[in-house]
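Secondary and tertiary structure notes
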Amino acid sequence: MKPKILVYMRVDDRVIKELAKDFEVTHFKNHEYIGDPAFDQAIREADGIIGLALKVNKELLDVAPNLKIVCNVSVGYDNLDLEELTRRKIMATNTPGILDDTTADAILGLLIATARRIPELDSFVKSGQWDISLQPDQYGVDVHHKTLGIIGMGNIGSAIARRAHFGFNMKILYHNRSQNKEAGEKYQATYCELDELLEKSDFVCLMIPSTKETEKIMGYEQFKRMKNTAIFINGSRGNNVDEDALYNALKNGDILSAGIDVFTQEPTPKDNPLLQLKNIVTLPHIGSSTMECEYNMSKLAAENLMKGLHGKKPPCLLNVTSFWEQS
Ligand SMILES: NC(=O)c1ccc[n+]([C@@H]2O[C@H](COP(=O)([O-])OP(=O)(O)OC[C@H]3O[C@@H](n4cnc5c(N)ncnc54)[C@H](O)[C@@H]3O)[C@@H](O)[C@H]2O)c1
Ligand SMILES: O=C(O)[C@H](O)CO
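For clarity, every value in this text was computed on a predicted model and none was experimentally measured. The numbers attached to residues start from 1 for each chain and follow its sequence in the written order. Written order decides the labels, with chains lettered from A and ligands numbered from 1. The predicted origin of the model limits local features to residues at a pLDDT of at least 70 and limits the giving and counting of side-chain atom pairs to 80 or more, whereas totals for whole chains, interfaces and linings rest on all residues. Side-chain figures throughout are based on the complete set of non-hydrogen atoms in the structure, without hydrogens or water.

**Comments concerning the pairing of strand 11 (residues 257-260)**
- Burial along strand 11 is two-sided: the residues Ser 257 and Gly 259 and Ala 258 and Ile 260 are all buried.
- At least two bridges found by DSSP between two strands is the condition for calling them paired. Secondary structure elements follow DSSP: runs of H or I no shorter than four residues count as helices, runs of E no shorter than two count as strands, and numbering proceeds from the N terminus. Two elements, strand 10 (residues 231-234) and strand 11, share four bridges in a ladder whose sense is parallel. Across the sheet, residue Phe 232 finds its bridge partner in strand 11, namely Ala 258.
- Note on the crossover from strand 10 through helix 11 (residues 243-252) to strand 11: the handedness is right-handed. Exposure categories follow from relative accessible area, calculated using a 1.4 Å probe and restricted to protein chains: below 20% of the type maximum is buried, above 50% is exposed, and the middle band is partly exposed. Looking down the strands as they point away from you, a crossover is right-handed if its path from the first strand over the helix to the second goes clockwise.

This is the structure we're talking about:
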């Protein structure tokens, strides 16, 4: 009998087809969760899970007695209770590295779209309002030669810094858990404490993982510290930002505008007050969502799953030291 796997949300169809050669696949394309009878049965029987953003916590693990591996099709793994998975000797994997350039492209795109007010001016043209020349109150602000503060100079933060430094002649400041020597040398990026970065940057780009420590790292105080001409970009996770504080800062002119790829709740509710503001550009969490990148991420996640269920060490094992090397 083939091992059983639960495929959750976004996994490339070609990859699912490959997986079906080795495994019995049950695919949930949307946000099904415990309580849905079909999902309950699939999770009860699953040897492995592959997919995007399934909340894997004690509640779910308690009803998944056969589970051996959980493979995220994402680099972020804030959806996983890693401690609990490790305690139960269940492997967990993610997909680091292969999405850096794609995500950095999207975040730079969002930054430029926000600075140059591209979505707003696109609507202006398409709605037939362009009957006189552009007015000064429709101008955007320059990106080139400005100061970009990156919070989280990891893989994606570095890919953003590379583009900003070489492509736009921006001055890079960064805040990180530890100093990133390579970014300092290659992109002339200067390490600073968070407060200093917020005070000096024309653009602040958040690129840290979502953890207990980073929850609402951008709150009322942090937005107040930013220049009132500055633009805030969140390409990380919604939980890292206090959305009420962001709303307040945008509404009161504490900052100029914001570009947001991620929300506290996704999909974000239609009545999220942020959506009413003119000075915010929003995206539905598209950082890595290109045809090429999503396929590569699915393939890497599938490789993790295959290796794990075939008794080999998955290439992107997250709980490596605490689990694999002891077992
Ligand atoms: N918008 C999207 O579609 C999208 C796509 C990919 C990743 N992401 C998010 O971006 C995050 C970063 O991805 P990555 O591949 O660059 O990860 P990474 O691990 O390479 O980099 C994260 C960096 O953040 C730093 N960091 C962590 N906690 C910190 C703290 N409390 N204070 C200061 N610095 C801290 C780390 O030292 C590290 O350098 C992911 O965890 C994910 O949440 C979003
Ligand atoms: O963490 C990631 O890889 C992305 O946010 C997934 O969409």
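Once you've had a look at it, read on.
**Regarding the UniProt feature "domain: D-isomer specific 2-hydroxyacid dehydrogenase NAD-binding" (unreviewed entry) in the protein**
- When the UniProt feature table is mapped to this numbering, "domain: D-isomer specific 2-hydroxyacid dehydrogenase NAD-binding" (unreviewed entry) covers residues 108-287.
- Split by type, residues 108-287 is 34% helix and 15% strand. Its first and last C-alpha atoms lie 10 Å apart. UniProt positions are given in the numbering used here, feature names are shortened, and annotations may be inferred rather than shown by experiment.

**Here's the deal with the environment of Gly 149**
- Tracing the chain through its elements places Gly 149 in strand 6 (residues 147-151).
- Relative accessible area serves as the criterion here: at 0%, Gly 149 is assigned to the buried category.
- For Gly 149 and Leu 206, which are 57 residues apart along the polypeptide, the C-alpha to C-alpha distance reads 8.5 Å.
- Should any heavy atoms of two residues lie within 4.5 Å, those residues are counted as being in contact. In contact with Gly 149, not counting residues within four places along its chain, are Leu 173, Leu 197, Ser 201, Phe 203, Val 204 and Cys 205.

**A word on the pattern of salt bridges**
- Salt bridges are defined by distance alone: a side-chain nitrogen of Lys or Arg within 4 Å of a carboxyl oxygen of Asp or Glu. Counted according to the given criterion, the structure contains 23 salt bridges.
- Across the pair Glu 120 and Lys 278 runs a salt bridge, and its minimum N-O distance is 3.7 Å. Within this pair, whereas Glu 120 is found in helix 6 (residues 118-126), its partner Lys 278 is found in the loop between strand 11 and strand 12 (280-282), the two being separated by 158 residues in sequence.
- Judged by relative accessible area, Glu 120 falls into the partly exposed class, the value being 24%.
- Overall, Lys 278 belongs to the exposed group, its relative accessible area being 66%.
- Close ionic contact of Asp 122 with Lys 126 constitutes a salt bridge, the shortest N to O distance being 3.1 Å. Of this pair, Asp 122 and Lys 126 both sit in helix 6, four residues apart, which is roughly one turn of the helix.
- In this structure Lys 126 comes out as exposed when scored by relative accessible area, which is 65%.

**What to know about the site of ligand 1**
- Close to ligand 1 lie 25 residues; Asn 155, Ile 156, Asn 176, Gly 235 and Asp 261 are nearest.
- His 285 is positioned such that a nitrogen or oxygen atom in its side chain is 3.3 Å from an oxygen atom of ligand 1.
- Only Asp, Glu, Lys and Arg are considered charged, only Ala, Val, Leu, Ile, Met, Phe, Trp, Tyr, Cys and Pro nonpolar, and every remaining residue, Gly among them, polar. The class makeup of the residues in the shell around ligand 1 is eight nonpolar, 13 polar and four charged. We call a residue near a molecule or strand as soon as one heavy atom of that residue lies within 4 Å of the molecule or strand. Side-chain atoms alone can form a polar contact between residues adjacent in sequence; in general such a contact is a pair of N or O atoms within 3.5 Å, and within protein one must be able to donate a hydrogen while the other accepts it.

**Considerations on the side chain of Thr 93**
- Mapped onto the elements of the fold, Thr 93 is located in strand 5 (residues 91-93).
- Relative accessible area serves as the criterion here: at 0%, Thr 93 is assigned to the buried category.
- Beyond its immediate sequence surroundings of up to four residues, Thr 93 is in contact with Ile 69, Val 70, Cys 71, Asn 72, Asn 304, Pro 314, Cys 316, Leu 317 and Leu 318.

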